[in-house]
Amino acid sequence: MTLVRGISGIVAGGVVVLVCVVIGAAVMGARRDFPGPGAASLTWHVLAALVVVAAQIMADRRHGFAALSGSAIVLVTTGVLLWTQWWG
């Protein structure tokens, strides 16, 4: 279980970094009058980051099936975010 929580923790950290990059790109695009990520993309990334962080906290504080569920939520949410916003 420790390995699964560790992997999902790394993935959750990556999503937080990714949302910071997308927000930074939006700010830079607005300042330089360059088209950056739109409001829909920003919303998807912020919501995904909130869900992932909450799920990772749950996974870190619980044991057994609840911890596994939290880690699974992190991985599935990240997969959906990447599939819909980056590869889709």
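Here the structure is a predicted model, which is why all the values come from computation and not from measurement.

Cut-offs used in this document
- Residues numbered from 1 in each chain as written.
- Predicted model: local features only at pLDDT ≥ 70, side-chain atom pairs only at ≥ 80, totals over all residues.
- Heavy atoms only, no water.
- Helix = DSSP H or I, 4+ residues; strand = E, 2+ residues; numbered from the N terminus.
- Buried < 20%, exposed > 50% of the residue type's maximum accessible area, 1.4 Å probe, protein only.
- Contact = heavy atoms within 4.5 Å.
- Areas by Shrake-Rupley, 256 points an atom, 1.4 Å probe, with all protein chains shown as cover.
- Core = buried A, V, L, I, M, F, W, Y, C linked by side-chain atoms within 4.5 Å.
- Patch = residues over 30% accessible without salt bridge, like charges linked within 9 Å, V, L, I, M, F, W, Y side chains within 5 Å.
- Salt bridge = Lys/Arg side-chain N within 4 Å of Asp/Glu carboxyl O.
- Axes fitted to C-alpha atoms, helices over the stretch in contact; angles between N-to-C directions.
- Parallel < 35°, antiparallel > 145°, perpendicular 65-115°, else oblique.
- Left-handed = near helix turned anticlockwise from the far one by under 90°.
- Nonpolar A, V, L, I, M, F, W, Y, C, P; charged D, E, K, R; others polar.

Asks: Which parts of the structure should I look at to understand the overall build of the protein?
Replies: Each helix and strand in the protein was counted, giving 3 helices and 0 strands. N-terminal to C-terminal, the α/β element order of the protein is α-α-α. The proportion of buried residues among the 88 residues of the protein is 27%. Excluding contacts between residues fewer than 6 apart, the proportion of contacts in the protein whose partners are at least 24 apart in sequence is 70%. Entry remark: accessible area of the protein is about 5,700 Å², with carbon and sulfur atoms responsible for 74%.

Asks: Sorry, what's going on with the nonpolar core here?
Replies: Among the nonpolar cores identified, the biggest contains 10 residues, and these are A12, V15, L18, V19, A48, A49, V52, A55, V74 and L81. Breaking this core down by element, the ones donating at least two residues are helix 1 (2-31), helix 2 (39-61) and helix 3 (65-87). Setting aside residues up to four positions removed in sequence, A49 forms contacts with V15 and V19.

Asks: Teacher, can you tell me more about the environment of G64 here?
Replies: Mapped onto the fold, G64 is located in the loop between helix 2 and helix 3. For the pair G64 and V27, spaced 37 residues apart in sequence, the C-alpha to C-alpha distance is 41 Å.

Asks: In this structure, what is going on with a nonpolar patch on the surface? I would like to understand it.
Replies: Residues I23, V27, V46, L47 and L50 make up a contiguous nonpolar surface patch of roughly 410 Å² in combined accessible area. In terms of residue count, the dominant contributor to the nonpolar patch is helix 2 (3 residues). Along the chain, V46 falls in helix 2.

Asks: Even after reading the chapter, I still don't get the side chain of S71, so can you show me in this structure?
Replies: With respect to the element layout, S71 can be found in helix 3. For S71, a relative accessible area of 1% corresponds to the buried category. Apart from the residues lying within four places of it in its own chain, the contact partners of S71 are V4, R5, S8 and A59.

Asks: Explain the packing of helix 2 against helix 3 here, please?
Replies: Across the interface, helix 2 lies against helix 3 with an axial gap of 8 Å and an inter-helix angle of 165°. Taken together, helix 2 and helix 3 sit at an angle that is classed as roughly antiparallel. In the crossing of helix 2 with helix 3, the sense of the turn from one axis to the other is left-handed. Within the contact of helix 2 with helix 3, the residues separate by chemical class into 14 nonpolar, 10 polar and no charged.

Asks: Explain the side chain of H45 here, please?
Replies: Its place among the elements puts H45 in helix 2. When sequence neighbours within four positions are dropped, the list of residues in contact with H45 reads L18, V19, V22, L81, Q85 and W86.

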